[in-house]
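Examining the three-dimensional arrangement
Each chain, letter by letter, is given below.
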Amino acid sequence: KTHLLQAIAWTAQNHGGRQVLYLTAEKFMYGFVAALKTQTAIAFKEALRGIDVLIIDDLQFLQGKSTQAEF
């Protein structure tokens, strides 16, 4: 599934002209926790809202974590 998601991201960016962000759930969580620690969570959320296509792989990584509710 990872290769499929990466192919979707590549196609959307190169043929659709969309701004695409591909992240693993672990990288998403790391970025979110870092934003909380530096008190830039609102800026983190705003940056993600500016993305046309957000693809998060391994979403099961967030299961049961407090980040799941925020996501």
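Residues numbered from 1 in each chain as written. Predicted model: local features only at pLDDT ≥ 70, side-chain atom pairs only at ≥ 80, totals over all residues. Heavy atoms only, no water.

With that settled, consider the overall build of the protein chain. From N to C terminus, the protein chain includes 4 helices and 2 strands. The order of α-helices and β-strands along the protein chain, N terminus first, is α-β-α-α-β-α. Along the first, second and third principal axes, the C-alpha set of the protein chain runs to 35 × 25 × 15 Å. With 71 residues in all, the protein chain has 27% of them scored as buried. Taking all contacts inside the protein chain whose residues are at least 6 apart in sequence as the whole, residues at least 24 apart take part in 71%. Surface summary for the protein chain: the accessible area is close to 5100 Å², and the carbon and sulfur share equals 56%. Counting 7 positive and 6 negative side-chain charges, the protein chain places the averaged centre of each group 2 Å from the other. (Helix = DSSP H or I, 4+ residues; strand = E, 2+ residues; numbered from the N terminus. Buried < 20%, exposed > 50% of the residue type's maximum accessible area, 1.4 Å probe, protein only. Contact = heavy atoms within 4.5 Å. Areas by Shrake-Rupley, 256 points an atom, 1.4 Å probe, with all protein chains shown as cover. Lys, Arg positive; Asp, Glu negative; His and termini not counted. Charge placed at Lys NZ, Arg CZ, Asp CG, Glu CD.)

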